[in-house]
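Chains, contacts and geometry: an overview
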Amino acid sequence: MNPKAIVFLKFLSLSLILSCGSCKKVQTVNQKPTNASVPCQIDSEFAVSEAKEDGFFKAHKSKSPIEIDGCSKDAIWSSADWYAMNYLWMGDKVDPTDYHGRFKLAWDNQYLYILVEVIDQTLSPTLVNGIDNYWKGDYVEVFIDEDKSGGNHKFNHQAFAYHVSTEGHAIDKNTLEKTVFFDDHIEVARSQEGNTHIWEMSIKLFDNQFNENSTTNTPVKISAQKSIGFSIAYGDNDGNNIREHFIGSKKTHGNNNDDGYINSDVFGSILFVE
Ligand SMILES: [Ca+2]
Ligand SMILES: [Ca+2]
Ligand SMILES: [Ca+2]
């Protein structure tokens, strides 16, 4: 059999295995109805993800709103590039069966969209040991600094470090130094096939005027050529109630690679393009 036919058959079998009908959907927030007959568009095993030492990424505009269902069938996801999130920030060297991560970016005027694909042999519920352990994983951490100002954001909202939990919460500290949910900021849906986990999210951007005591905060409209501070990482907990690995999208992230939740100077960035 010629090599092209082999590649096609591999792709066909992968497509069948990963069809939406077999997609094990888990812990979906604000789940919308999905059409189970539409196959998921999952990249083949041959796709290469691009690592960016400086954490600078480009996001392309989606022509239509992305359906957040944890199933990457939206048109923009088949054309967007994979970026790597494999810079080891904490923990010992990690085996690719223990953790391997990559992500895609997209946007429209209302949302930043992120598709995260993580291989993790053990998925631990983020909040199983209580909310105080929210940073120990498993979770996806999304760092956003809307105006790219940099600076301290630990207990203010000039930037955010959203800990997106397996339960679908977006967790950060508030101005009273309490751990709270900012669930209105991020919609997330997850799906799982074997040890491969998809986290699909839409994220509203809030500027430094965000008031946690108000219900009328207006998200910032996104437009082409806008740039924001951004990094993304995965906290891997394989059942030991510790963050065994912390792996991110940028080579370094401050002191001990653990400054992101305090200091937005260390973030990389996204440039929004058409
Ligand atoms: Ca793992
Ligand atoms: Ca800021
Ligand atoms: Ca894990």
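Each value, and the rule that gives it
Residues numbered from 1 in each chain as written. Chains lettered and ligands numbered in written order. Predicted model: local features only at pLDDT ≥ 70, side-chain atom pairs only at ≥ 80, totals over all residues. Heavy atoms only, no water. Helix = DSSP H or I, 4+ residues; strand = E, 2+ residues; numbered from the N terminus. Buried < 20%, exposed > 50% of the residue type's maximum accessible area, 1.4 Å probe, protein only. Contact = heavy atoms within 4.5 Å. Areas by Shrake-Rupley, 256 points an atom, 1.4 Å probe, with all protein chains shown as cover. Donors = N, O, S within 2.8 Å, 3.2 Å for Na, K, Ca; no water. pLDDT = per-residue confidence, 0-100. Core = buried A, V, L, I, M, F, W, Y, C linked by side-chain atoms within 4.5 Å. 1 Å grid on protein atoms, 1.4 Å probe; cavity = no way out; pocket = protein on both sides within 12 Å on 5 of 7 lines; lining within 4 Å. Points joined across faces, edges and corners; volume = space filled by probe spheres on them. Phe/Tyr/Trp six-rings, centres within 6.5 Å; stacked < 30°, edge-to-face > 60°. Nonpolar A, V, L, I, M, F, W, Y, C, P; charged D, E, K, R; others polar.

Secondary structure assignment for the chain yields two helices and 16 strands. For the chain, buried positions account for 50% of its 274 residues. Pairs at least 24 apart in sequence give 67% of the contacts found in the chain among residues at least 6 apart. Just so you have it, the chain exposes about 12,600 Å², and 51% of that area is on carbon and sulfur atoms.

To continue, consider the coordination of the calcium ion (ligand 1). With distances of 2.3 to 2.9 Å, the protein atoms coordinating the calcium ion (ligand 1) are Asp98 (O), Asp98 (OD), Asp120 (OD), Gln121 (OE1), Asp236 (OD), Asp236 (OD), Asp238 (OD) and Asp238 (OD). Here the donor residues for the calcium ion (ligand 1) map to a single chain with the spacing D-x21-D-Q-x114-D-x1-D.

Chain-level pLDDT for the chain is 87 on average; 83% of the residues reach the 70-or-more range. Scored below 50 in pLDDT, residues 3-23 makes 28 contacts in the model with residues more than four places away or belonging to other chains. Across residues 27-39 the pLDDT falls below 50, and counting only partners more than four positions away or on other chains, this stretch makes 24 contacts in the model.

Moving on: the nonpolar core. Of all hydrophobic cores here, the largest spans 38 residues; its most connected members are Leu112, Ile114, Met201 and Phe230. Excluding residues that lie within four positions of it along the chain, methionine 201 makes contacts with Ile68, Leu112, Tyr113, Ile114, Val116, Val140, Val142, Val164, Ile186, Glu187 and Val188.

Turning our attention to the coordination of the calcium ion (ligand 2). Donor atoms from the polypeptide that coordinate the calcium ion (ligand 2) comprise Asp145 (OD), Asp147 (OD), Ser149 (OG), Gln158 (O) and Gln158 (OE1), at 2.2 to 2.5 Å from the metal. Sequence positions of the donors to the calcium ion (ligand 2) reduce to the motif D-x1-D-x1-S-x8-Q. Overall, the relative accessible area of 44% leaves serine 149 in the partly exposed class.

A few words on empty space enclosed by the protein. Applying the stated rule across the entire model yields one cavity of 30 Å³ or more. Around the largest cavity, the lining residues are Ser124, Pro125, Thr126, Val128, Asn129, Asn133, Lys136, Gly137, Asn237 and Asn241.

Time to look at the packing of aromatic side chains. Under the counting rule described, the total for this entry stands at 17 aromatic pairs. Ring geometry for tyrosine 83 versus phenylalanine 103: centroids 5.7 Å apart, planes at 45°, classification tilted. In this pair, tyrosine 83 is assigned in strand β4 (residues 82-84) and phenylalanine 103 in strand β6 (residues 99-107), connecting sequence segments 20 residues apart. Residue classification places tyrosine 83 among the buried positions, given a relative accessible area of 8%. Under the relative-accessibility criterion, phenylalanine 103 is labelled buried at 0%. Between the aromatic rings of tyrosine 139 and phenylalanine 246, the centroid separation amounts to 6.5 Å while the plane-to-plane angle is 35°, which identifies the pairing as tilted. With tyrosine 139 in strand β8 (residues 139-145) and phenylalanine 246 in strand β15 (residues 245-248), this pair connects stretches of sequence that are 107 residues apart. Neither tyrosine 139 nor phenylalanine 246 differs from the other in exposure class; each is buried.

What follows deals with the layout of surface pockets. To locate leftover empty space, one rolls a probe as large as a water molecule over the atoms. Taken as a whole, the second largest pocket spans an internal volume of roughly 240 Å³. Residue contributions to the lining of the second largest pocket peak at three residues, all from β8. Broken down by class, the residue content of the lining of the second largest pocket amounts to eight nonpolar, four polar and six charged.

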